[in-house]
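# Breakdown of the fold
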Amino acid sequence: MTDRPVAGGSDEPAPVVHTAQGDVRGFVDEGIVVFRGIPFAGDVSGKGRWRPPGPAPEWQGVRDGTRHGAICPQSTQERNGAVAPWLAAFEMAEDCLNLSVYSPQLKAGSKVPVIMWIHGGFARIGTGSRHDGKALAKRDAVVVTINYRLDSLGLFAHPALTARQTDEPLANYGLMDMAAALRWVQDNIDAFGGDPGNVTIAGQSSGGVAVTALMTSPMTRGLYHRAIAQSGAMANLEQARRVSVDQPGSPSLEKDGEALATALGVDPGGDVPARLRALPWQKIIAYSETRPAGAMVPVTDGRFLPGNVDRTFARGEQNPTPLMIGTTDWEQSLVANFNIPLAAILRGTPADEARSAYPALDDKPLVEEWFADTGFHAPARFLARQVAAHGGKAFVYRFSHVPADKRGSVPGAAHSDDVPYLFEPVGLPSVTGDATGKELSRIMTGYWTNFARNGDPNGPGLPRWAAVGTDDLELMDLDVPPAMQTDPRSNQIQYHLQRYQTALEAMRP
């Protein structure tokens, strides 16, 4: 954990806010009041592991909110030859459900729009604590960054847990943590100057996937009012996954749980839930490191996520909120260094059909293009169109900015390249040190906070961003300057949208 004193050596007393659990003291940084390490739910270690999060603990006196709380357990394996340097800035523990708040003013009743940020990282790594929310807070928004359970601690099922916990939602524990954070916001954010009646959920990568999943949960209805999904959307129309039921190409989550229990020596004849909860979290994470890389995608559990997310959007039954959704123009960056077999990425689509839709591509570039379109671009457009088709407002973007020092060395804006223009991340160099970076940050924080305020990104000093129609392929290209344009991938996106329509019609009773 790291200390952060009141910035500038101010003689003003440290700010203190009263929450439902107790008083907390923060600090001032560049004019923004910051509070860190505030628990929003109970301990999820021991008996709390693989259970819905309980109430946040109460405390006496004034809690120190100048220090980061523990981040959630995750892998510290080397990636690209090194351990992520930002990990050294934080303590790691299973009791990790805490958040940070960045506020432009501490005045109850101020009704400042709230943005709750859900970090990415395949739902396996990362923390909200490393995303500094001052840039958005300076545009008159209260920013909340959260931690949530990751990896197999955040998405898990086992037949013994299913049999024992019949009165509880199962499996999607990370999503349940996010819902608990939203409830905390409803109960407390007014004291920080925020408006509980105007809350935006925003997330990137697996955080964007979570945003679109939360939009279909009956357990989040009324807890937020707008949604932003960056480089992440539930894409489970063609390959949904369930807790207990095997489906073609998609074994149940319980099968994964049984494999983990067997590998870690849990006696199937004993008290399996107790033995699972007695395992050190380090062993659970170490086991996950032996498994194939990939995101921990939420599953249909029947309660928190009652049904298929994409079909819920297609019926117009998601929580009725405006949606802003988009991608970077080189999402292929996630797989560019891997040799993935074409059949594995096509998931049953005939290779000849795919090659016809993507003419003149060898197998490796076809794998990369298919991955980007089916994992990111087409699902984003599909969900936006469903919102528009049922009378809602949706806005689609494509982030394409490549800094001058990278131009010519990369094909485009990689996955996650957009995030530093909204949040200053711990452990990475700033991208806003030059005039172009500052301008792009101004543009993006303007669009994002306008949307949080009004459900529409448009406002003074920004090019007009048109809402999505039910049949157009227009989007906002986020660069300097930004501009509306027809999607450069229109032919491929149209092909996938037709595939989705065929799948929807095949599923109708």
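Our subject is the structure listed above.
Since this is a predicted model, take the numbers as computed values, not measurements.

## Topic: the pairing of strand 6 (residues 98-103)
- Summarising burial for strand 6: six of the six residues are buried, a large majority.
- Across the two faces of strand 6 the burial is the same, with Asn98, Ser100 and Tyr102 and Leu99, Val101 and Ser103 all buried.
- Strand direction decides the pairing type here: strand 4 (residues 32-39) and strand 6, joined by five bridges, are antiparallel. From the neighbouring strand, Pro39 faces strand 6, where its bridge partner is Asn98.
- For strand 6 and strand 9 (residues 142-146), the ladder comprises four bridges, and the chain directions are antiparallel. The residue of strand 9 that forms the bridge with Ser100 is Thr145.

## Observations regarding unusual backbone geometry
- In the segment running from Val480 into Pro481, the intervening peptide bond is cis, with an omega of 0°.
- Along the chain, Pro481 falls in the loop between strand 15 (474-478) and strand 16 (483-486).
- For Glu30, which is not a glycine, the phi torsion comes out positive at approximately 55°.
- Structurally, the position occupied by Glu30 is in the loop between strand 3 (27-29) and strand 4.

## Considerations on the packing of aromatic side chains
- All told, the structure shown has 15 aromatic pairs when counted by the stated rule.
- Members of the aromatic cluster, joined through ring pairs, are Phe395, Tyr397, Tyr447, Trp448, Phe451 and Trp465.
- Taking NZ or CZ as reference, Arg49 lies 5.4 Å from the ring centre of Trp50, over its face.
- The cationic tip of Arg63 hangs over the ring face of Trp59; the distance from NZ or CZ to the ring centre is 5.1 Å.

## Section: the sheet that holds strand 5 (residues 62-64)
- Taken in spatial order, the three strands of this open sheet run 1-2-5, and their pairing is mixed. Looking along the sheet, the strands with just one partner apiece sit at the ends: strand 1 (16-18) and strand 5. Along the sheet, successive strands turn relative to each other by an average axial angle of 30°, direction set aside.
- Bridging between strand 1 and strand 2 (residues 23-25) involves three bridges; their strand directions are antiparallel.

## Structural notes on the state of the cysteines
- All chains considered together, the criterion is met by one disulfide.
- Bridging Cys72 to Cys96, the disulfide has an S-S length of 2.1 Å. In this structure the cystine formed by Cys72 and Cys96 twists about its S-S bond by roughly 90°; its chirality is therefore right-handed. With Cys72 in the loop between strand 5 and strand 6 and Cys96 in the loop between strand 5 and strand 6, this residue pair connects regions lying 24 residues apart in the sequence. The burial state of Cys72 is the same as that of Cys96; both residues are buried.

## Focus: the environment of Thr127
- You can see Thr127 is positioned in the loop between strand 7 (112-118) and strand 8 (131-132).
- Along the primary structure Thr127 and Arg149 are separated by 22 residues, whereas in three dimensions their C-alpha atoms are 9.6 Å apart.
- Setting aside residues no more than four positions away along its own chain, Thr127 makes contact with Ile71, Trp86, Phe90, His119, Ile146 and Asn147.
- A polar atom in the side chain of Thr127 sits 3.0 Å from the backbone nitrogen of Ser129.

Cut-offs applied
- Residues numbered from 1 in each chain as written.
- Predicted model: local features only at pLDDT ≥ 70, side-chain atom pairs only at ≥ 80, totals over all residues.
- Heavy atoms only, no water.
- Buried < 20%, exposed > 50% of the residue type's maximum accessible area, 1.4 Å probe, protein only.
- Helix = DSSP H or I, 4+ residues; strand = E, 2+ residues; numbered from the N terminus.
- Pairing = 2+ DSSP bridges.
- Phe/Tyr/Trp six-rings, centres within 6.5 Å; stacked < 30°, edge-to-face > 60°.
- Lys NZ or Arg CZ within 6 Å of the ring centre and 35° of its normal.
- Axes fitted to C-alpha atoms, helices over the stretch in contact; angles between N-to-C directions.
- Disulfide = S-S within 2.5 Å.
- Contact = heavy atoms within 4.5 Å.
- Polar contact = N/O pair within 3.5 Å; in protein donor to acceptor, adjacent residues only side chain to side chain.

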